[in-house]
Each structure stands twice: as C-alpha cells, then as structure tokens.
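Residues per chain are reported as follows:
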Amino acid sequence: MSKIDEVRDYELFIGPNHPGIAGNYSFKMKLRGDKVLSAKTDAGYLHRGFEKLMEERLFIQNIAIVCRICVPDPDPNENNYARAVEEIAGIEVPERAHWIRTLVLELSRMASHLFSLGGHAATTGLYVLANWTIADRDRIMELFEELTGGRVYHIYQLPGGVRRDFPDGFGRRVLEVMDYIESRLPDYDDLAINNSLFIKRATGIGVITKEQAISWGVTGPNLRACGVAADVRKDDPYEVYDKLDFEIPTMTEGDSYARMIVRRKELVQSINIVRQIIDKIPSGPVWNKIPNPLKWKVPAGDAYVRTESSKGEYAYYMVSDGGRKPYRVHVRGASTTHGVHVLENLLAGSRIEDASQIMFSLDACPPEVDR
Amino acid sequence: MSENRKGSILKPFKALKFIGEKPVTIRTPFENRPTAPRYRGFHVNDQEKCIGCGTCAEICDNDAIRMIEVPGLEPKVGASNLRPAIDYGRCCWCALCVDVCTTNSLNMTQEYTHVSDDLDTFFMFPDSEGIHKVEFPLGYQASEDSNFLDLERVEMEELSAEERGDSFVEIVKGFSKEQAMAEASRCVACGLCTDTCPAHMNIPEYIEAIWDDNLSEAGRQIYKTNPLPEVCGRVCTHKCETACSIGQRGEPIAIRWLKRYAMDAIPADQYGDINNLKVVKPLGKSVAIVGSGPAGLSAAYYLRLMGYKVVMFEKYPEPGGMMRYGIPEYRLPYDALDKDINYIKEVGVEIKCNTTVGKDVNFDDLHRDFDVVLIATGFHVGRSTRVPGTDHKDVFQAIDLLSKITKGEDIKVDEKIVVIGGGNVAMDIARSLARKQRQKYGKVNLIVTSLESRDIMPADDEEIEEATEEGCVFYPGRGPVEIVIEDGKIQGLKTNKCVSVFDEQHRFSPKFDENDIKLLEGTMVVESIGQGPDMSYLGDYSDKLEMDGRRMKVNEFYQTSMDWLFIAGDIIKGPDVINGIAVGHQAALGIDKMLEKKHDIFFHSIFQVLSKSLKFEENCRKSNAKFEGKFSPVINTMLVEMIKKSEDLEKRIKRLIENPNVLIHLDEKLKRPQEADYFERFVVEETVDENISEKDFLKLVEKKVRTAFGLYHDLEKLTKNKELEFLFGYLKDQKKAQLERIKKLL
C-alpha cells in the first residue's frame, strides 16, 4: 500500500436514518476513495424485543404486536402467528377466511413491491418513480383501510380466521384497483425499467451467483433473480395457493436489475392471483370462534410455519407450554440473511454510489433482522 | 420491461404527460381525508350502556386503557362507577377492546386527528359525544359475528319432570370437570359479581382456580368469606349472576354451579388442609350463638378461627336452621349440608342441639357465662292470611309442614290442595306436597294462588317453571276471601281478582275486583305468605333494647345498644342464606373488634399488608433459627437456607417500602379491602415445644410456608402496580419452591 492509498482510506458511518433500506439501519464502511473495501452492518436500532414481549402477553394480544415486525409487509407476520397457534391448538379455519387471508397476503406483497420498486429507483436518483409507486400503493392501503380498519397495521388475521368479512362491494373495488395498477405498469417501464440510464446504473451491480445465493441461504425474489424458482407458495402451499394458477418468475443474472425485474413480474402475478381470488372466493363464515381470549390456554406443543413474504421465506417457530401466553416465539425474518451477511459481502468491492442501490435492491427490512 | 437490457433514452419523457395532473398527496387548503366506514379512529363510549367492567383494560395490549372513577356516578348492581379512559400515547388502535366489550358500548369513530403540544390532552375520556365534541360517524364497531366472548352457558343437566315428580332426589346433577372448566373459561374476571354478592366472595379468583384445575385454591378462596359453600352452591339466590357482565348480552356465568362443582369435588377430609387452620392462638374468650342457621354458623366459623370458644344453641335435633328445616331435600340434600356443618364442627365449634334458649337454657345464663351473645334465630313463625276459616284444622302453615317433612313426621296430604303464596317458600311446599301427592295418589292436584300476577311473583322463575312441570297449577293475581267450609270439611278457597298489589308509593296495599270471584277447589289449604320471628326468649331484655322503627337498632357490625349482644340473620337482614352468611361474618368481625379492642378491621392499602408480611417473614426466620442444628442434616440444611431466604425476602420488602418510586403506589387502594385479621392470623407467634419431633416440626413449617404462599398469591392479584406485582410473584415462587422441598422431605 502506498502512502497515498493510506491517506485515501477512510471509514464511513452510514445510517441509521434509512440508508437505502426500509427502516433504521446502519453500516460501518471502510473505503478507499469511492471504493468500498468492507462493510459491517450495525443493526439493533429497531430492536423492540418482539419475541420477548410475546412471551409476556396473552395469545390474543400478540396479534397487535406481530404486524410491527415488518412495516411495509406486515401481513405474513399475522398469517404466520395465526397459523402457528391454529396448528398447535388444532383450530379449523373456515374456507372463506383462507381465501381472504390469501387476498390480504397478496395485496400486502404488492404494496411492499411497489414500495421497493420506487425506493430502488430512487437510490439511483430517479425519485419520480418513488412518488408514483408510493401514491399507487396508497390505493392498496385504502383497500386495507376498508377491509380491516387500519391502513398500515391491519391486525386482521387472528387464530380461527379473520376479524371481519368483506364490506359491501369490496370485491369490485379490489378489481378496480388491480386494473388501475396494471394500467400503471407500462408507465413504470417507460420511466425507469426501460430507461437506459437506469439499466446502466443497475446492471452488474450487487451480483449474487446461484451458488452463492444457495449457500448463503438467500430466499425470495433475491434468490429467484439468480435463477432458482423457489417459492414457499409453490413448494409448501399454505392457505389457498394450491388452488390458484400463477407462475414463479425468475431471472438468471442475479444483479440489481434482475431483482427489479423479478419484483416487477411478481406484481403481474399478484394482480392475476387477486383477480382469481375475487372470482372464486366462496361464501360462508370468516371466523371460527376461539375460547374467551382472556382465559384461553393453548395446549402444549410447537409449530413451525412459513409463508412467502415479499422479502422471502418468513417463518415462525412457536412453543406453547399449555399456558395463556406463548412460551417462546421465534421469528425467522426473511431479511436476516440478505440484510446482514449477504449485504456485507456484496458491499465489499462495490462503489459508494451503488451502496444504497444494493441495499434497496435486496429489499431488506431491518425490523425483521432486529425483531 | 426490458429483459434484454436495451433501454430507451426518450421513453422516460413520456412521464411529461402527467404534468397537468392534480397531485394525489397534497391537499390545499388542508382538509381531513374521509376514511373508510370501518376505520379504527378515536373511541366513543356510551357511558349509559357501559358498566365499567374493565374488560377493555384487561385485554389492552399496551396498558393504554385505565379505569377511572367517575365523580357523581353511583355504582349499582351490575355496574361499577369506573369508566375507561384511554392514553392515546399508548393506544395502538388494534380494537381488541371493541371486540371484547361486554356491552358493545365501546366503539371507534372515523375521527383521527388530534393536534396539541400538551401531552396530557392525549389522555382522554371517551364518551358518546366524541373526544372533541364533534360528531363523527362510527368507524370500527362491535359485531356479533366477531365478538370474543362466549355468551352461551354450559347446560346443566337436571332430572326430568317424570324422573323427579315423586321423589326428593336432588334435581340438579352438577357439572362434570369438563363442563365446569368450559363454564369457568367464559369468565372475564371483572369482579362486578363480588361487588354485588352480600358476602363479597372472591368469585373471579375461584373461577380462575377452577379453570386452572386447582380446586384446593378454589376452596381456599371460597372459604375466605363463605363457610357454607355446598349450601350456597345449590340454593344461593345468586345475585352475582344478575350482575355478571357476560349477562349483559348473553347468559351470565353459572357462578352458583361452579361453586358447587368445586366444593363437591373436594373431599371433606381435605377442607382442613386447604384452609390452614391451626395457626390460631386461643384467646380465652367465649361467644354464645343462639340459632344454628346460616348466620349463626358463619359467625361461629370465623369467630372460632380468630381463636374464640364458640358454643351454639339449637332448638331442633340437627343444626342448619332453615337450610335443613325449610329448604326441601330435592334442592339441598342433607349430605351436602352436613359436609359444610361437619367442617365447622371440626374447626372446634360446639353445637348444642335440642336446646331451646328460654326453655332449656336461660338467656340470663348465656349473658353470664359468655363474653358475647349473638342471636340469629331467624323467621320461624308463619304468618296467616286471617281470612275466615283459617282456624280450621286442615289449614296449615308451610313452614311447619316443611320442617315436619325434614323430621320424617307424617303429614296430612289430601287429594286436592290449595297453596296460598307466591314466594320461594310457597314453591317449596307446593312442590314437596306435589311429590307427596304423587307418591300417595299417583297424580298431582295442587293449586298455587298468589296476590301477585305471574310477572311480579317473588319466586324465582325457574322454581315456578319447574313447579308447573311437576303438575302444580297456578292461579296468580288472586286474593283469598274466605275458606269455604261445609259440614266441617274444607271445600275450597274463595278468591277475588287482585287488581294491584302495591299503591303508588310502592306500599303493600292490594286492591281487588269484587265481582271477579273464583272458588279454587281443595280440601286442605296451606298458607305461605311470609314468616316472622319469635324472640320471646329475650324476656325483659327486649324492652331494654333500643329500637330503630320495628327493628332493633344496630351499628355496622350488628351490635345492639347492649354492647354484649349482637344480632344476625333474617331477624336483622334477610332474606336468604348468603345475606345470613355475610351478616354473620360481619358480626364476627365486630365481636372481635369489641373483645380485642381493635381499631383496624380492614386493610385498605398495600402498605398495611406489606408491613404485615414483613413481620411475618421476621417471625418465620426467628422461629426457624431457634431450631437450627437440632434436627438431621437434611432438614438442617433446609432450615439454614430458609433462614437465609427469609433475610433476603425481608431485605427485598424493606427495599421496596423505601423505594421512592414505589412509595406512591404503597398507598394505592387495594382492589377490595382485605380483612386485617386474615393477615394477622399468620403473624401470631406460636409457641413450639422444644422437643417437637422432626415430622411435626416439618408439618408446622409447611403450614406456615403454605400460609405465606397463599398470602403472596392473593397480593399479586390485588395490586396493579408492576413492581409490586413482580415482588409478590417472586415471593410466591420462593414459597412455592420451599413448599415443594418440604413436601419431598415429608
């Protein structure tokens, strides 16, 4: 190392204010000029001790907590929690509730992908797409508001089903929003995805090879962008995914742009799924009553359940000792892999101006890491 | 989408087509965005509908709801004077409170804006007008389909009318374990029942224990305020169930049957263990109790536990009063009654039966021989309608017949009987006679008539329904005119239609329509229109007592103007078993207060209780220290460790008492005042024989530890402060561990 190099080497602390990621997170980077030599993630800003909090609360009370583990995509948490309790306690869920839950999960995935597409483009300086997608995401928030009463945190799925049925005319409005979002996709393409500037910025950035992805335990769109068609919805279908017709889009390049394209294609699939649900959803009750929640004891046992969230494979491991509160709940946040060591590996050797793009292209959710 | 990654430079400029579009995010001038009809906004609470049960606060995930006392609001049956106030700094808008609300009074609106730099304004008291007194449409609302509460009762199995029609076998079969637990699981532990129960029984606590399948804990909780639970588990007038918050929209919890289940399931020989009796120091003073009904027995039990010598005087051959000689066997089997009474005897209460005060024993002698006399002789003299013909030999008083049935004496049972009266005693005699008729004649021909019309009949609805099923025929709303007698034989009862029973001031003043006459046929008439007391045994004393209207003047502890004479039961406050028990208990406390010259009968604050428990720990440590080194190494090690533990616990309690952060909570009122003596009893220094055997010593230690365990267990539930709760939880766990260790050694 020459003397000049020594002078040019410096450390940079990025964050913790949303450094290109949906939540408070930070990195300690070593740089030489514009080049990142190494990066160390510094998590914990969003650690609220959810897993421990859950041990101190009644089974029913936790439904108000779990959604907070991932802000942009809260519903897989609710779904996992409800399904884990149902599996341990042997609770049947009415057919209609399964369909509604699937609808909610897909809407949530779309909202999260829109958020991520916009954010991704914004890291390259293309803020207009972010403005568009966030405004379009608001249409989905409005659907959630109508269905659940809450816009961001829905607190809607609970053991035994869901809390409320569709309001009048809800299916029609869901389809309207789907049509609208579908009509917006070409606009997104024109503005960012087919924009040669964006292509140039995103190509070859943060490349994960298929082998790396598998050995690092990457899941979700990030894995599919490397050419592996793995998806919990197909591999281990839950709710009513086995009754729906949809595809798993993949890309092979494994770079930032490929990840963008996978999410863009998944939007189309989700629109397709939502339309099928509205078309096929059976009528009937939406909730099988659980015992008085203040006294409710879930029998001793354990359960491991997983869903495909917008970030990847999202799992809960729950143990009940037969009491009124869960003995232990472990959350396997999908972002735990690509939010920590994958990110550290990709950042090393990249350039500082690409760092935030790499982060956002992985779509890591810090609260999932911190829990 | 450009998968081949050949982009365009020009296409992005297509975005210019939106240049004239209205922006979606900025609204000028500022306006509130309308919300969806199901929006979870600020709460509204219909104060009239709300009963202040606190279930919303209980389910709240973030402790955002606090129940606060509303000035000027009086608590009433089934409603407290508390109402929820919400801290919007903590609320997470999950609406669990809405879905668990017992009355559906709590809902959410579509209002969502509150701007202020004063943090206190975020702590709000929602009423039906909305938080800013601006009307907003309702948002997230309670819905029947998604309500969390179980509104349907577990059905109680009963003998059918055919099965029970000719026998005195108990009708109600009682809950099985599964049924009881299912019923217990419906309870939200609001405590409105406790407020309403005359004896203030720890209902939520024992229901909780039943749900946890911890029957000895249930028994312990029950015996704290009720020494006749088998009786109350069957014939209580269950005012608690009227108050039950689940009853607001559904069927109230079957509290009475749950109590019965718990007590039926505990074998009689375990009662002593459950209640930890022997930590009582004899005080050398004595109390005489006249009458062994519920009030007398209740007073006797608690007085005995306090350390007094108690002697009861009963004129009938068996103790129990009205419970035995009034209530028929099909409602209260004698086995159940005996189980309760035997335990009271076991505690050391002496009951002298076949001893009538005023005849076999002189009242003066009682005054001379005992420090205090408590009279609880009840209402045993039936009242007559005094219509012409009531002096006929075939006109009977219900109460006399009932006691004869209990005694097994022969009574007259005619083929056609008329019963006058609309209360529960009338139902008892009608149903008993119906059984006798069926036994004798194979069919029932019995008429019940009362002044009150069916809707205002004082008897329980279920009693009337069951009597109808058993064949009794009702003619409500008719007043007796005369008993028609021909050739010395009763032909029937002539009645008039009763137009109204009470006048405008709700005074008893029946009005009749004299043109509407009906003869109710029967050859035997039973009068059951009420009873009165017979207190002739008081002799001259009755003139000396100060009166308050028609009743004797008493203070809050039922002490009369002669300080050695206390009074309890129906003769002062009726008219049911549970009131008797409550009055008896209260009188016992008053007697103790008087004889021991006590000031504090109740503890109201955590601090008072904590100082007691500190004293208790000191006591345990000292008494254990005395025996250090005297027993085998195993026990010695345990003793040494227990002494260390006691020191540690003392330190913890002291630290807490001195902790300025906790200080304000120490004066916090207990959810319910606790009987001071209940705690006092545990700190009594017991003189232990120096040569005590190892086993006896261990048993003694076990009892103390168990007592302490019970104390901390209760305290943990009585406070809402987290630090105190944590301390008590810790203390409780320590005691539990010690208990298990001792049990192993035993």
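So, here's what we can say about the structure.

## Here's the deal with the sheet that holds strand 7 (residues 309-313) of chain B
Residues and elements named next belong to chain B. Spatial ordering of the open sheet is given by 8-7-6-9-22, a layout of five strands whose pairing is parallel. Since the sheet does not close on itself, it has two edges, and those belong to strand 8 (350-352) and strand 22 (565-567), each with one partner. Averaged over all pairs of adjacent strands, the angle between strand axes in this sheet comes to 20°, irrespective of strand direction. Summarising the sheet, strand 7 and strand 8 pair through three bridges and their orientation is parallel. Across the sheet, the residue bridging to F313 is K352, located in strand 8. The strands that helix 20 (residues 577-595) touches are strand 6 (286-290), strand 9 (372-375) and strand 22; relative to strand 22, the one it contacts most, it runs at about 160°.

## A few points about the packing of aromatic side chains
In total, this model carries 27 aromatic pairs over all chains according to the counting rule given. Their ring planes at 70° and their centres at 5.3 Å tell us that F42 of chain B and W93 of chain B sit as a pair that is edge-to-face. With F42 of chain B in the segment before strand 1 (43-45) and W93 of chain B in the loop between strand 3 (82-87) and helix 2 (96-100), the pair connects residues that are 51 residues apart, well separated along the chain. For F42 of chain B, a relative accessible area of 4% translates into the label buried. Judged by its relative accessible area of 26%, W93 of chain B falls in the partly exposed class. One aromatic cluster is present, built from ring pairs that chain together Y223, Y271, Y301, Y302 and Y343 of chain B. The aromatic ring of Y241 of chain A is capped on one face by R233 of chain A, whose charged end is 5.8 Å from the ring centroid.

## Structural notes on the environment of G233 of chain B
Residues and elements named next belong to chain B. Within the element layout of this structure, G233 appears in helix 8 (residues 229-235). Among the residues examined, G233 registers a relative accessible area of 0% and is labelled buried. In this structure the C-alpha to C-alpha distance between G233 and V154, which are 79 residues apart in sequence, comes to 16 Å. Leaving out residues up to four positions away in the same chain, G233 has contacts with R256, W257, K259 and R260.

## Quick word on the interface of chain A and chain B
Each side of the interface is counted separately: chain A has 58 residues, and chain B has 51 residues. Both sides together, the interface formed by chain A and chain B hides about 4,400 Å², and carbon and sulfur atoms give 51% of it. For chain A, the biggest contributors to the area lost against chain B are R163, R164 and K295 of chain A; these three give 17% of the whole. Taken together, the links from chain A to chain B amount to eleven salt bridges. A salt bridge links D99 of chain B to R164 of chain A; the nearest nitrogen and oxygen atoms lie 2.9 Å apart. Where chain A packs against chain B, one counts 35 residue pairs in polar contact (both at pLDDT 80 or more). Of all the secondary structure elements, the ones that give two or more residues to the side of chain A that touches chain B are helix 3 (63-66), helix 6 (127-148), helix 7 (170-193), helix 8 (196-202) and helix 12 (256-280) of chain A.

## Section: unusual backbone geometry
Backbone geometry places D363 of chain A, a non-glycine residue, at a positive phi of 55°. For D363 of chain A, the position within the fold is in the loop between helix 15 (352-362) and helix 16 (366-370). A relative accessible area of 3% places D363 of chain A in the buried class. Phi at N104 of chain B takes a positive value of approximately 65°, unusual for a residue other than glycine.

## Quick look at the pattern of salt bridges
Pairing between side chains of opposite charge can happen when the charged atoms of each approach one another. Residue and element names in this part refer to chain B. Enumeration over the complete set of coordinates arrives at 82 salt bridges over all chains. Here R153 and E241 are joined by a salt bridge, their closest N and O atoms 2.8 Å apart. Note that R153 is positioned in the loop between strand 5 (123-124) and helix 3 (161-164) and E241 in helix 9 (residues 239-243), a separation of 88 residues in sequence. Taking relative accessible area as the criterion, R153 reaches 26% and is therefore assigned partly exposed. For E241, a relative accessible area of 8% translates into the label buried. When the shortest N-O distance is used, the salt bridge between E482 and K494 registers 3.8 Å. Of this pair, E482 sits in strand 15 (residues 478-486) while K494 is found in strand 16 (residues 489-502), placing the two residues twelve residues apart along the sequence. The class of K494 is partly exposed, set by a relative accessible area of 26%. Via salt bridges that share partners, R164, R331, D428, R431, R435, E463, E466, E469 and E470 belong to a single interconnected network.

## With respect to the nonpolar core
The biggest cluster of nonpolar side chains holds 207 residues, and the ones touching the most others in it are I210, F363, L366 and I375 of chain B. Contact partners of L366 of chain B, with chain neighbours within four places excluded, come to A288, V290, F313, V357, V361 and V373 of chain B.

## Here we look at the sheet that holds strand 17 (residues 508-521) of chain B
Within a sheet, neighbouring strands are paired by backbone hydrogen bonds and run either parallel or antiparallel to one another. Residue and element names in this part refer to chain B. Strand order in this open sheet of three strands is 15-16-17, and the pairing throughout is antiparallel. Each having just a single partner strand, strand 15 and strand 17 make up the two edges of the open sheet. Going across the sheet, the axis of each strand differs from the next one's by a mean of 25°, ignoring polarity.

## Observations regarding the side chain of R259 of chain A
Residues and elements named next belong to chain A. Within the secondary structure, R259 is located in helix 12. Among buried Asp, Glu, Lys and Arg side chains, R259 stands out as unpaired, with D255 the closest opposite charge at 6.5 Å. A distance of 3.1 Å separates a polar atom in the side chain of R259 from the backbone oxygen of G254. Dropping the residues within four chain positions of it, R259 is found in contact with I205, G206, I208, N222, A225, G254, L346, S361 and L362.

## Considerations on helix 7 (residues 215-223) of chain B
Every α-helical turn comprises 3.6 residues, leaving residues that sit three or four positions apart pointing alike. For helix 7 of chain B, the tally of buried residues reaches eight of nine residues, placing the bulk of the element in the interior. By the burial criterion, the buried members of helix 7 of chain B are L215, E217, A218, G219, R220, Q221, I222 and Y223 of chain B.

## Things to note about the pairing of strand 2 (residues 26-32) of chain A
Residues and elements named next belong to chain A. The sheet contact formed by strand 1 (residues 9-14) and strand 2 spans six bridges and is antiparallel. Following the sheet pairing, E11 is matched in strand 2 by K30. One ladder, built from seven bridges, connects strand 2 with strand 3 (residues 35-42); its direction is antiparallel. The residue of strand 3 that forms the bridge with L31 is V36. The loop that links strand 2 with its antiparallel partner strand 3 comprises two residues; one of these, G33, has a positive phi angle of about 60°.

## Points about a positive patch on the surface
Together, K315, K359, K404 and K407 of chain B line one region of the surface with positive charge. Mapped onto the elements of the fold, K315 of chain B is located in the loop between strand 7 and helix 13 (322-325).

## Digging into the packing of helix 7 of chain A against helix 12 of chain A
All names here are of chain A. Relative orientation of the contacting elements helix 7 and helix 12 amounts to 160°, with a least axis distance of 10 Å. Overall, the two elements helix 7 and helix 12 adopt an arrangement that is roughly antiparallel. Relative to helix 12, the crossing made by helix 7 is left-handed. Here helix 7 contributes G171, V174, L175, M178, D179, I181, E182, L185, D189 and I193 to the contact with helix 12, which in turn contributes Y257, M260, I261, R264, L267, V268, I271, V274, R275 and I278. When grouped by side-chain class, the residues that make up the contact of helix 7 with helix 12 number 14 nonpolar, one polar and five charged.

Basis of the calculations
- Residues numbered from 1 in each chain as written.
- Chains lettered and ligands numbered in written order.
- Predicted model: local features only at pLDDT ≥ 70, side-chain atom pairs only at ≥ 80, totals over all residues.
- Heavy atoms only, no water.
- Pairing = 2+ DSSP bridges.
- Helix = DSSP H or I, 4+ residues; strand = E, 2+ residues; numbered from the N terminus.
- Axes fitted to C-alpha atoms, helices over the stretch in contact; angles between N-to-C directions.
- Contact = heavy atoms within 4.5 Å.
- Phe/Tyr/Trp six-rings, centres within 6.5 Å; stacked < 30°, edge-to-face > 60°.
- Buried < 20%, exposed > 50% of the residue type's maximum accessible area, 1.4 Å probe, protein only.
- Lys NZ or Arg CZ within 6 Å of the ring centre and 35° of its normal.
- Buried area = accessible area lost by both parts, 1.4 Å probe.
- Salt bridge = Lys/Arg side-chain N within 4 Å of Asp/Glu carboxyl O.
- Polar contact = N/O pair within 3.5 Å; in protein donor to acceptor, adjacent residues only side chain to side chain.
- Core = buried A, V, L, I, M, F, W, Y, C linked by side-chain atoms within 4.5 Å.
- Lys, Arg positive; Asp, Glu negative; His and termini not counted.
- Patch = residues over 30% accessible without salt bridge, like charges linked within 9 Å, V, L, I, M, F, W, Y side chains within 5 Å.
- Areas by Shrake-Rupley, 256 points an atom, 1.4 Å probe, with all protein chains shown as cover.
- Charge placed at Lys NZ, Arg CZ, Asp CG, Glu CD.
- Parallel < 35°, antiparallel > 145°, perpendicular 65-115°, else oblique.
- Left-handed = near helix turned anticlockwise from the far one by under 90°.
- Nonpolar A, V, L, I, M, F, W, Y, C, P; charged D, E, K, R; others polar.

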